Number of protein chains: 2
Amino acid sequence: MATEEIKELPKSWAMVGGDGPQSYSQNSAYQKGVVDASKEKVTEGIKDKLDFKSLGFDSSNDTFRIADFGCSVGPNTFFAVENIIEAVEQKYQAQFQKSPPLELEFQVFFNDVTTNDFNTLFKTLHSNRKYFAAGLPGTFYGRLLPKSTLHFAYSSYCLQWLSKVPKEVVDSKSPAWNKGSIQCDGLKKEVTKAYSAQFQSDMNTFLNARAQEIVGGGLMVIIMAGLPDGIFMSQAGVGMYYELLGSCLVDMAKLGEISEEKVDSFNLPLYYSSSTEIEEIIKENGNFSIEIMDSLSHQIWKTSKKSNIEVSVSGGRAVFQGLVEEHFGSEVVEKTFEHFAKKLVDNFSIFDGAAHEHIDHFILLKRHFN
Amino acid sequence: MATEEIKELPKSWAMVGGDGPQSYSQNSAYQKGVVDASKEKVTEGIKDKLDFKSLGFDSSNDTFRIADFGCSVGPNTFFAVENIIEAVEQKYQAQFQKSPPLELEFQVFFNDVTTNDFNTLFKTLHSNRKYFAAGLPGTFYGRLLPKSTLHFAYSSYCLQWLSKVPKEVVDSKSPAWNKGSIQCDGLKKEVTKAYSAQFQSDMNTFLNARAQEIVGGGLMVIIMAGLPDGIFMSQAGVGMYYELLGSCLVDMAKLGEISEEKVDSFNLPLYYSSSTEIEEIIKENGNFSIEIMDSLSHQIWKTSKKSNIEVSVSGGRAVFQGLVEEHFGSEVVEKTFEHFAKKLVDNFSIFDGAAHEHIDHFILLKRHFN
């Protein structure tokens, strides 16, 4: 195994489990929008780029293995996986000029951090599914599967999550100290550099691990949040959203509800990269060819303002509750998201004035043959 | 997939989850005794019966796949799996006259019913483990893995659990109605016949599913509770134990704490088979050769009486709580196990007088080459 691999991520990295009103499974409409928007691209990608013969399939007794890296608790992962299987079957039919035989079996590995709520994921698996399901606990910044056993890797809306917050940005003695901000807002060169270096290191770790697992000719779809070239987080709606969350924390510190030191040492382990940046990393890594590099368009922000605010609050909570809880303690979680809801209501118009939207990268890679 | 396969078992089949004082993970000393007692036999079995060359291994880049069917939440499954891996590595070394290369990778599938507490299982995986771990949710009375992908199957202390209680034994109109008993005590021919038929059907379903998953030459270890040939449950200590549990329920019905009808319709989905019976089923099934058929001896009942009673109560609760809860309602669980504890204290001497002990079958099978 690679020496650089990361053994485990903090518990707080996991989305909110279960299927209650505050769970990720009930509050992942945005991420579902991403799945829907990517559906056709995945289908097209498989049609154009998957070659059964080069994968060693000979139209008899074979297993096609798929893994979703960072699947959370569903239901988005199920939609994505079913779409992949459908496209793979269509391609099989086209390539061999016959229907997929019963002998073509699918095995799907659902991966997320060990503290992900796999119990809920397993209970909600469709009973009439066409594949054998397995859970794969552990960080994807490390090896998870045996060598050359995977034909299709998928990772949606995960790789903008870093393996850790770069330590310089929360170090008051470092020139990269990010006081007054909880994100890489792009306004301070040293902060951007630290975040970017962490992203590059994490992406390489991810690509190296997957390169060992994926067979030559195997495909990998990566969907991740990013920014248009040359645009900073502070210029994009999503950056303003995180800024509002940060300003809540500052307000709460002023009210004495949390300590200022705690606020100063809180940064999000998130990095929104440009396509140029990602392209460079993948090329330098050298294990994969870039077959498609594109971005998704979807309309989730374009509904009514009221439902938008609700989606923003509950969606944000499902994702960020764990981080807030770990850093500030469980007793302030409720208050923080109340503040945040109010702040969003009061300031929602700023999003109309946002100069830019973030983008969602859609990348299709093919594993080189060794 | 086989038409006979069972889609899902009731929630109540799962052991008590978590790692609290009443959890299976804290109350599976008996089952741990079984693992310890079988350790050497597993090692010897792998040494004598595993042949890497016939499995198609050629001492380069390969994955050895192991599955534990009915693993519950650990830690017993981890001990068992580590022992298997150690023995497989030793055999590799002996067969190829060299140390297992880094290229020999192990993938371990931990299987149990969908309602098993996989979250706890995953959190307690050893961080320095030598294998890639995956969870496999679903009943083992059905397919769980792709065709011909498994090299070593293991199932410890599970196959005495039937997929369901035979319906005749809780049907007041049937000659096999088992009124007055909660188990197949051996005293009524029709009851025994119904239980035995269910066991035969379930074993066949299990063997057929595994036969598809295991590669030719692959091994399967089955450890399961059973009885010596010609002995009834009512003559064995464990049967008396279940009888005491049953008599608690009868007492509670007399006190009006539960309904008599509920007691009459409660039977354990458990069948303790003889080795003759198992041998016949395996031979008739025809997919596996019997390489070893033996029984385990262990000393778990031979400690002090006090700790024995405690182990009996807490161990029984970790296993049977789900069944009691499902059938009688969660409000009577506490009371039932209080009654049971008292009953055990008052009657513990009957176990000294038990004419027979049950046995634990140890069976090593090899998958035929097609």
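- Looking at an unreviewed UniProt entry, chain A carries the name SABATH methyltransferase 16, with the source organism given as Populus trichocarpa.

### Quick look at the overall build of chain A
- Helix and strand content of chain A: ten helices and seven strands.
- Taking all 370 residues of chain A together, the buried fraction comes to 59%.
- Split by element, the accessible area of chain A, about 15000 Å² in all, is 50% carbon and sulfur.

### Considering the pattern of salt bridges
Residue and element names in this part refer to chain B.
- Summed over the entire model, instances satisfying the criterion amount to 28 salt bridges over all chains.
- Of the charged contacts, one joins Glu 213 and Arg 143 as a salt bridge, the two residues approaching to 3.8 Å between their closest N and O atoms. Taken as a pair, Glu 213 in helix 4 (residues 189–213) and Arg 143 in the loop between strand 3 (131–137) and strand 4 (150–156) lie far apart in primary sequence, 70 residues in all. Residues Glu 213 and Arg 143 agree in their burial class; the two are buried.
- For Arg 317, the salt bridge is made with Glu 334, and the minimal N-O distance between the two is 3.1 Å. Placement of the pair is Arg 317 in helix 8 (residues 305–328) and Glu 334 in helix 9 (residues 333–347), with a sequence separation of 17 residues.

### Considering the packing of aromatic side chains
All names here are of chain A.
- Using the criterion set out here, one finds 43 aromatic pairs over all chains in the structure.
- Ring geometry for Tyr 92 against Phe 96: centres 4.7 Å apart, planes inclined by 55°, an arrangement best described as tilted. Taken together, the residues span about one helical turn, with Tyr 92 and Phe 96 both in helix 2 (residues 76–96) at a distance of four residues.
- Residue Phe 96 is classed as buried on the basis of its relative accessible area of 17%.

### Side note on the interface of chain A and chain B
- The interface of chain A with chain B comprises 32 residues on the first partner and 34 residues on the second.
- Carbon and sulfur atoms supply 56% of the area buried between chain A and chain B, which totals about 2700 Å² over both sides.
- Connecting chain A to chain B are four salt bridges.
- The salt bridge involving Arg 143 of chain A is made with Glu 105 of chain B; its shortest N-O contact spans 3.0 Å.

Parameters and conventions
Residues numbered from 1 in each chain as written. Chains lettered and ligands numbered in written order. Predicted model: local features only at pLDDT ≥ 70, side-chain atom pairs only at ≥ 80, totals over all residues. Heavy atoms only, no water. Helix = DSSP H or I, 4+ residues; strand = E, 2+ residues; numbered from the N terminus. Buried < 20%, exposed > 50% of the residue type's maximum accessible area, 1.4 Å probe, protein only. Areas by Shrake-Rupley, 256 points an atom, 1.4 Å probe, with all protein chains shown as cover. Salt bridge = Lys/Arg side-chain N within 4 Å of Asp/Glu carboxyl O. Phe/Tyr/Trp six-rings, centres within 6.5 Å; stacked < 30°, edge-to-face > 60°. Contact = heavy atoms within 4.5 Å. Buried area = accessible area lost by both parts, 1.4 Å probe.

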